[in-house]
Amino acid sequence: MKRDRVLIICSRDICYSSGNFFASRLAAAYEELGYEARLCEFSKDRDIDAQLEPLLAQRYRVIVDFNSMLPRMVMEDGSYYLDHLQGPFFDYILDHPLFHYTGLTCRAGNLHVLVVDESHRRYVASYYPTVQSVHTLPLGACEAFVPAQKEGRYVLFMGTYEEPDNIMDIVDRSPADAAGVMRELIECRIAEPKLPMEEAYRKILERRGEQVPPEQFALQMNGMYAVDAYVRDYFRKKVVDALLARQIPVKAVGEGWYKYHAKEERFFTSEKAVTFALSFQRIARAPLLLNVTPFFPQGMHDRVVAGMANRTVVMTEENDYLRGAFGDQRELCFYDLTDMTSMCERAEALLGDTLMRREIEERAYRIFLQGHTWRHRALTILSLAEMAERERESMANRSRDVCMRK
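Every value quoted in this text rests on a predicted model; they were computed, and no experiment measured them.

Undergrad: Sorry, what's going on with a negative patch on the surface here?
TA: A cluster of like negative charges, contributed by Asp47, Asp49, Glu53, Glu76 and Asp77, occupies part of the molecular surface. As for its position among the elements, aspartate 49 is in helix α2 (residues 48–52).

Structural data, given as structure tokens:
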């Protein structure tokens, strides 16, 4: 029997080869569900047109790419490449949509978007009207490929680091007006870390008595990428500084941590970045996993799901999305980015109570199996694709009816 096809693409390199990993896991999930999954990972060494052309020959139930380059691509006749694909296309955006202005402003009729944060969904819906649909869907995760035993007493952080002062140099080199706005935006987001960046920017515009049309708002946000980077690393430094000041050991794994310096460095160790597949092994060995992602103020980073999948307690900033899905000290442990004292107290309590950690780990693992595997994500995306196809067919029928009445 001929199987229905799905197409999973990785059109660009993403840090730690994460895009390739997500694509391979999603393709494998579709294979397990009985679909014929084609995985296409673009190569820099091959002509891009030669890699794109074969994808147009088949019909697919759904097509997914991660932080895709495809919305930017046009055919020789000026039409969008996406509109020649035979199946609904979903761009799975893994960071704030402000970084994807060029792709999201394309006018293709076959562009659907997945985001990992509810505020990102609202942002795309508000400022990119040509996107056909946008949905919030956190990434999946999987268990370490080799079983691991817990080791030592420390807090693990997996992720990138840059010295905040280095990012501020980018702000300072910007034109004076733009630099002033960015500094105000940084201050606002540090004071209210759960406030989405676009809401903070609207507050600043209101305070200044300025009005910006939607199309200009999105363009200006795109130019303030340094704000998002600064706030991220400001809080990563602040949290690690606070833990070390309490002599709580921290192990950081990722790019850039060699730049980090603290007074209590004897409690700090760092490792070079590992591939995404190997990161689960590190997480599975850790007693406590730290998540610091102020750029996801109403969503869930894949680091959270990875901890749940590997029976490691995750300590993460609280937000409405997470509190609506999980219980504090049941499946996750929440902290407040504006209260470092209670954050440290919580970390100490968790590291000192093995039984409590085991209970949280097991509850989180069960929740992961029930709703956060790549199989679950594959099924949800398929459902969204079917909904998109029904809407496309309905619009086509309405257009035919109008033509007939004329």
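Undergrad: Got a minute to help me understand the layout of surface pockets in this structure?
TA: Empty space among the atoms becomes visible once a probe the size of a water molecule is rolled across them. When its volume is computed, the largest pocket comes out at roughly 870 Å³. In terms of lining residues, the largest pocket is bounded by 35 residues, among which Ile14, Cys15, Tyr16, Thr160 and His301 are the most central. Residue assignment for the lining of the largest pocket shows that the elements contributing at least two residues are α1 (18–32), α9 (225–245), α10 (276–285) and α11 (302–309). Residues belonging to the lining of the largest pocket are distributed by class as follows: 19 nonpolar, 8 polar and 8 charged. Reported here for the second largest pocket is a volume of approximately 350 Å³. Lining the second largest pocket are 19 residues; nearest its centre among them are Gly109, Asn110, His112, Ala388 and Arg392. Going through the elements one at a time, β6 (133–136) and α15 (374–405) are the ones with two or more residues in the lining of the second largest pocket. It is α15 that provides the largest number of residues to the lining of the second largest pocket, a total of 7 residues. Split by residue class, the lining of the second largest pocket holds 7 nonpolar, 7 polar and 5 charged.

Undergrad: What am I meant to see in the pairing of strand β11 (residues 313–317) here?
TA: Looking along a regular strand, one sees side chains alternate from face to face of the sheet. In terms of burial, β11 is a largely internal element, 5 of the 5 residues being buried. In this sheet, β11 lies alongside strand β10 (residues 288–291) in parallel orientation, the contact comprising 4 bridges. From the neighbouring strand, leucine 288 faces β11, where its bridge partner is valine 313. Handedness of the β-α-β unit built from β10, α11 and β11 comes out right-handed. Running through helix α12 (residues 320–325), the crossover from β11 to the neighbouring parallel element strand β12 (residues 333–335) is right-handed.

Undergrad: Honestly, the environment of histidine 301 in this entry has me stumped. Any pointers?
TA: Along the chain, the position of histidine 301 falls in the loop between β10 and α11. The class for histidine 301 is buried, based on a relative accessible area of 12%. If near-sequence neighbours (up to four positions away) are discounted, histidine 301 is found in contact with Asn291, Thr293, Phe295 and Phe296. Looking at histidine 301, its side chain comes within polar contact range of the main-chain nitrogen of arginine 303, at 2.8 Å.

Undergrad: What am I meant to see in the sheet that holds strand β5 (residues 111–115) here?
TA: Judged by pairing direction, the sheet is parallel, and its 6 strands sit side by side in the order β2-β1-β3-β4-β5-β6 without closing on themselves. Lying at the two open borders of the sheet, with one neighbouring strand each, are β2 (36–41) and β6. Mean inter-strand twist for the sheet, computed between neighbouring axes without regard to direction, equals 20°. Both strand β3 (residues 63–66) and strand β4 (residues 89–92) contribute to a ladder of 4 bridges, which runs parallel. When the sheet's bridge partners are listed, aspartate 65 is paired in β4 with aspartate 91. Sitting on the sheet, α1 is in contact with β1 (5–10), β2 and β3, with an inclination near 170° to β1. On the sheet, helix α4 (residues 118–127) packs against β5 and β6 and is oriented at approximately 170° with respect to β6.

Undergrad: Whenever I open this one, the state of the cysteines confuses me. Can you help?
TA: A covalent bond bridging the sulfur atoms of two cysteines is what the word disulfide describes. The final tally for this structure, using the stated rule, is 0 disulfides. Unpaired in this structure, cysteine 106 has its nearest cysteine sulfur neighbour in cysteine 40, at a distance of 19 Å. When its relative accessible area of 4% is taken as the criterion, cysteine 106 is described as buried.

Undergrad: Is there a simple way to think about the sheet that holds strand β8 (residues 250–253) in this case?
TA: Whether parallel or antiparallel, the strands of a sheet pair through hydrogen bonds between backbone atoms. Strands sit in the order β9-β8-β7-β10-β11-β12 across an open sheet of 6 strands; the sheet is parallel. The sheet is open, and its two borders are formed by β9 (268–271) and β12, each paired with just one other strand. Each neighbouring strand pair of the sheet contributes to a mean axis angle of 25°, computed without reference to strand direction. Relative to β8, strand β7 (residues 155–158) is paired through 4 bridges, and the arrangement is parallel.

Undergrad: What is the right way to look at the packing of aromatic side chains in this model?
TA: Ring pairs (aromatic) are described by centroid distance and by the angle formed between their planes. Following the criterion strictly, the structure yields 24 aromatic pairs and no others. A ring pair is formed by phenylalanine 66 and tyrosine 92, whose centres lie 5.4 Å apart and whose planes are at 15°; its orientation type is stacked. In this pair, phenylalanine 66 is assigned in strand β3 and tyrosine 92 in strand β4, connecting sequence segments 26 residues apart. Under the relative-accessibility criterion, phenylalanine 66 is labelled buried at 0%. Among the residues examined, tyrosine 92 registers a relative accessible area of 0% and is labelled buried.

Thresholds, definitions, all that
- Residues numbered from 1 in each chain as written.
- Predicted model: local features only at pLDDT ≥ 70, side-chain atom pairs only at ≥ 80, totals over all residues.
- Heavy atoms only, no water.
- Patch = residues over 30% accessible without salt bridge, like charges linked within 9 Å, V, L, I, M, F, W, Y side chains within 5 Å.
- Areas by Shrake-Rupley, 256 points an atom, 1.4 Å probe, with all protein chains shown as cover.
- Salt bridge = Lys/Arg side-chain N within 4 Å of Asp/Glu carboxyl O.
- Lys, Arg positive; Asp, Glu negative; His and termini not counted.
- Charge placed at Lys NZ, Arg CZ, Asp CG, Glu CD.
- Helix = DSSP H or I, 4+ residues; strand = E, 2+ residues; numbered from the N terminus.
- 1 Å grid on protein atoms, 1.4 Å probe; cavity = no way out; pocket = protein on both sides within 12 Å on 5 of 7 lines; lining within 4 Å.
- Points joined across faces, edges and corners; volume = space filled by probe spheres on them.
- Nonpolar A, V, L, I, M, F, W, Y, C, P; charged D, E, K, R; others polar.
- Buried < 20%, exposed > 50% of the residue type's maximum accessible area, 1.4 Å probe, protein only.
- Pairing = 2+ DSSP bridges.
- Right-handed = clockwise from strand over helix to strand, strands pointing away.
- Contact = heavy atoms within 4.5 Å.
- Polar contact = N/O pair within 3.5 Å; in protein donor to acceptor, adjacent residues only side chain to side chain.
- Axes fitted to C-alpha atoms, helices over the stretch in contact; angles between N-to-C directions.
- Disulfide = S-S within 2.5 Å.
- Phe/Tyr/Trp six-rings, centres within 6.5 Å; stacked < 30°, edge-to-face > 60°.

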